[in-house]
Amino acid sequence: SSTFNAIQVTANLQWELDFWGRIRRNTQAARAEYLASEEGRRSVVLTLVSDVATAYLQLRELDLDLEISERTLASRQETLKLALRRYQQGLISELDVRQFESEVDNSAVSIADFQRQIAQQENALSVLVGHAPAPVARGQSLTDVLGTFVIPTELPAELIARRPDVRQAEEAYVAANARVGAAEAALLPTVSISSQDGRQGDKFNDTFNANGEIYQIFGGLSIPLVRGGSLKNELTAARARSDQARFAYEQATLVARREAEDAFVGVRASRDQAVAQQRQVDALRRAFDLANRRYQNGVSSYLEVLDAERNLFTSELALTQAQRQELVSGVQLYKALGGAWAETPAAR
């Protein structure tokens, strides 16, 4: 026997000939899974935008409620002054004055309560957008926003298809189908080609000489004999996951259609409710003016004024709630359609 030194520097390359599409299907599945995760991110962003818009609309409703309460308080204070003068003149009893004083205090209680709710809503909205609790800058009022709110007359089916949750379920179904193809291809023989190229020498300085080149090229065929049973079980599991993904996609589509239809109906119904509530407020405001004039002229009692004012105050608060609900229904429609309905479906 003899001994010798050999220094080798080589590079190895291997190709698998993807005759049956195993690698291609795995690549397709990985891409679909990535797109599904991206749609999941869009779904979270869409939910956050909807929550912020809803919270802001609720804040603007509270602002309007506070404004109504302050206006009602000022009106009741003026009525109380008139009642005190009439009491001093002996035209009404002390009981009437005490009734007016209780209504003034009731308005003050409402103002304090709305101020508390506004501060809490500002804190909640600040945290929702990732800021420390602080006052929130205001934009348009609730009534101004209603003037620019336009709803669609119909809902194209393409709008449903762009929802992030629907797309996420669709991409998950695509990935599951691709995994089935990869599992089927894994049962078939694998053909590969390997090559090696490099340099060899008995000394390091002689390694890169022209006579020191070494190379190899050979092919291989791999047949799954021992793992055949496990591969068949993996194929069965992949098909079951594909069926599960298909059912989830169908369910997501049905839920999306239901939510879109519910939101669309909710927008139209809330608009009709706000219009009817506005007519009621107009009628009660006119009734309060008439009752107040009758009381000042001594024609009616204070009870008529109090009833008219209470009904007007309650109706105005209900109007702000109806207006806010109309806009919130629009936000829900925005979320149900996966974005603004004026936009065209995004390219896939």
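Anyway, here's the lowdown on the structure attached to this text. Keep in mind it's a predicted model, so treat the numbers as computed, not measured. (Residues numbered from 1 in each chain as written. Predicted model: local features only at pLDDT ≥ 70, side-chain atom pairs only at ≥ 80, totals over all residues. Heavy atoms only, no water.)

1. As for the environment of Asp165
Stated precisely, the cut-off is as follows: Helical segments are the DSSP runs of H or I of at least four residues, strand segments are the runs of E of at least two, and each set is numbered from the N terminus. Using a 1.4 Å probe on the protein chains alone, a residue whose accessible area is under 20% of its type maximum counts as buried, one over 50% counts as exposed, and one in between counts as partly exposed. We call two N or O atoms a polar contact when they sit within 3.5 Å, provided that within protein one can donate a hydrogen and the other can accept it, with sequence-adjacent residues counted only if both atoms are side-chain atoms.
Within the secondary structure, Asp165 sits in helix H5 (residues 164–186). On the basis of relative accessibility, which here comes to 26%, the residue Asp165 falls in the partly exposed class. It is 6.8 Å that separates the C-alpha atoms of Asp165 and Glu39, two residues lying 126 residues apart in sequence. Polar side-chain contacts of Asp165 include one of 2.6 Å to the side chain of Arg163.

2. Some words on the side chain of Ser194
Within the secondary structure, Ser194 is located in strand E2 (residues 190–201). Residue classification places Ser194 among the buried residues on the basis of a relative accessible area of 12%.

3. A closer look at the nonpolar core
Convention followed: By convention a nonpolar core is built from buried Ala, Val, Leu, Ile, Met, Phe, Trp, Tyr and Cys residues, the set being connected through side-chain atoms within 4.5 Å. Residue contacts are defined here by distance: any two heavy atoms, one from each residue, within 4.5 Å place the two residues in contact.
Core analysis: the biggest nonpolar cluster contains 51 residues, and Leu57, Phe100, Tyr295, Leu327, Leu333 and Leu337 have the highest contact counts within it. Broken down by element, the residue count for this core peaks at 13 residues, all from helix H7 (residues 302–336). If near-sequence neighbours (up to four positions away) are discounted, Phe100 is found in contact with Thr79, Leu80, Ala83, Tyr295, Tyr302 and Leu306.

4. Regarding H7
Note the threshold: Given a helix with a known number of residues, its expected span is that number minus one, times 1.5 Å.
Across its 35 residues, H7 extends 50 Å between first and last C-alpha, which sits within 8% of the 51 Å expected from 1.5 Å per residue. Gly338, located one to two residues past H7, shows a positive phi value of around 75°.

5. Some remarks on the packing of helix H2 (residues 94–128) against H7
Rules: For helices, the fitted line uses only the C-alpha atoms of the stretch in contact; every axis is such a line through C-alpha atoms, and the angle between N-to-C directions lies from 0 to 180 degrees. In this scheme, roughly parallel covers angles under 35 degrees and roughly antiparallel covers those over 145, while 65 to 115 is roughly perpendicular and the rest are oblique. Three categories are distinguished: nonpolar for Ala, Val, Leu, Ile, Met, Phe, Trp, Tyr, Cys and Pro, charged for Asp, Glu, Lys and Arg, and polar for the others, with Gly belonging to the last.
In the contact formed by H2 and H7, the axes pass within 11 Å of each other and the chain directions differ by 10°. Between H2 and H7, the interaxial angle falls into the category roughly parallel. Contacts from Asp96, Gln99, Phe100, Glu103, Ser110 and Phe114 in H2 reach Tyr302, Leu306, Arg310, Phe313 and Leu317 in H7. Its residues assigned to classes, the contact of H2 with H7 comprises six nonpolar, two polar and three charged.

Function cannot be read off these values alone, since they describe shape.
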